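Summary of the model geometry
The chain contents come next:
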Amino acid sequence: MQLPVPWDPTVEAAFTNFSEKAFAAQAKTETLHPIDKQIYISSLREQLAGFYSDVEQGFEILLNAVLELNAAGKTLAGIEPTHKRSVKAIKHLFPNKQALQKVIQGDFFDERVPLFAALEMSPKAMEVLYEAACSLFDENKDEEARMACRTLLALAPHIADFWTAHGVSLLRLKRLEEAIESLERAIFLDSKATQALLLLCRALVEAGRTGEAQARLGEKLDDAAHRGDNELYNLLEAARFELNKFAARPAITL
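Rules and cut-offs
Residues numbered from 1 in each chain as written. Predicted model: local features only at pLDDT ≥ 70, side-chain atom pairs only at ≥ 80, totals over all residues. Heavy atoms only, no water. Helix = DSSP H or I, 4+ residues; strand = E, 2+ residues; numbered from the N terminus. Contact = heavy atoms within 4.5 Å. Areas by Shrake-Rupley, 256 points an atom, 1.4 Å probe, with all protein chains shown as cover. Expected span 1.5 Å × (residues − 1). Buried < 20%, exposed > 50% of the residue type's maximum accessible area, 1.4 Å probe, protein only. Axes fitted to C-alpha atoms, helices over the stretch in contact; angles between N-to-C directions. Parallel < 35°, antiparallel > 145°, perpendicular 65-115°, else oblique. Left-handed = near helix turned anticlockwise from the far one by under 90°. Salt bridge = Lys/Arg side-chain N within 4 Å of Asp/Glu carboxyl O.

The subject of this paragraph is the overall build of the protein chain. Looking only at helices and strands, the protein chain features 14 helices and 0 strands. Its helices and strands in sequence order give the protein chain the pattern α-α-α-α-α-α-α-α-α-α-α-α-α-α, from N to C terminus. Across the protein chain, the fraction of contacts at a sequence separation of at least 24, relative to all contacts at a separation of at least 6, is 66%. For the protein chain, the computed accessible surface area is about 12800 Å², with 51% contributed by carbon and sulfur atoms.

Right, dumping it as structure tokens:
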């Protein structure tokens, strides 16, 4: 996911190598100390349990978004549109209702097998749904975007981009502590997720935790300097300037 302006919450879909990313967290969590691994998995399981209750509603939101984009002639994940608002044309992107009901009624969680794979959804279908979810931000449908992202995360909780998009929706809705948690997960899954870091810093500042934001950004700057990554360093230095300006803005009184 690319956010061209560090403090602009607009989300652009730039999603690649889904299959590789979808299973990346298994390898990531395997490197943790057994106790840390159990804590991480338990925390993720607890968080996803709340997401499953919204899966049906999230699918409905995603279905309508895909229908509208398809009818408008929007190409999603390289799939040519039919220019019709036809459920039949996109039916293959969604799991059958029987399989979905089993998930909604049960408590699916397997850190080794993402739910989208258990539902036999293709990586291409997930790319389409992700782009559809991102389109909701362009329409300022932030609550619908949040619900759509919760569904994406239930389907594939090991995708950093999904956690970042979820964090954007929460940031827009001023649910700051939840946004921070979501963006922290994105960074855990992808330590190179610079945009997630910048959004996290913004959320920390808005939550009154400016010192933490400055420390996180400073740590990343030191790392970039140590590795001689001038491009990243210059980007982060510019972001630090924007962060300080953002933190110093007058408080808005209602």
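Resuming the write-up.
On to helix α11 (residues 176-189), then. Between the first and last C-alpha of α11 there are 20 Å, a value that for 14 residues agrees with the 20 Å anticipated at 1.5 Å per step. Burial in α11 covers these residues: Leu176, Ala179, Ile180, Ser182, Leu183, Arg185, Ala186, Ile187 and Leu189.

Moving on, we get to the packing of helix α12 (residues 194-206) against helix α13 (residues 210-227). Helices that pack against each other are described as a pair by the angle of their axes relative to one another and the distance between those axes. Packing of α12 against α13 brings their axes to within 7 Å, and their N-to-C directions diverge by 160°. Comparing their axes, α13 and α12 come out roughly antiparallel. Here α12 runs over α13; the crossing is left-handed. Counted together, Leu197, Leu198, Leu200, Cys201, Leu204 and Val205 of α12 and Thr210, Glu212, Ala213, Arg216, Leu217 and Lys220 of α13 form the full contact between these two elements.

Per the stated rule, a full pass over the model turns up 14 salt bridges. Salt-bridge contacts for Arg146 lead to Glu143; the nearest nitrogen and oxygen are separated by 2.7 Å. Within this pair, Arg146 and its partner Glu143 are both found in helix α9 (residues 142-155), separated by 3 residues, close to a single helical turn. Exposure remark for Arg146: the relative accessible area of 9% places this residue in the buried category. We note a salt bridge from Arg240 to Glu237, for which the minimum N-O separation is 2.9 Å. Of this pair, Arg240 and Glu237 both sit in helix α14 (residues 230-247), 3 residues apart, which is roughly one turn of the helix. Classification of Arg240 by relative accessible area gives partly exposed; the value is 30%. A relative accessible area of 29% places Glu237 in the partly exposed class. Connected through salt bridges with shared partners, the residues Lys174, Arg202 and Glu206 form a single ionic network.

Function-wise, these values are silent; they only describe arrangement.
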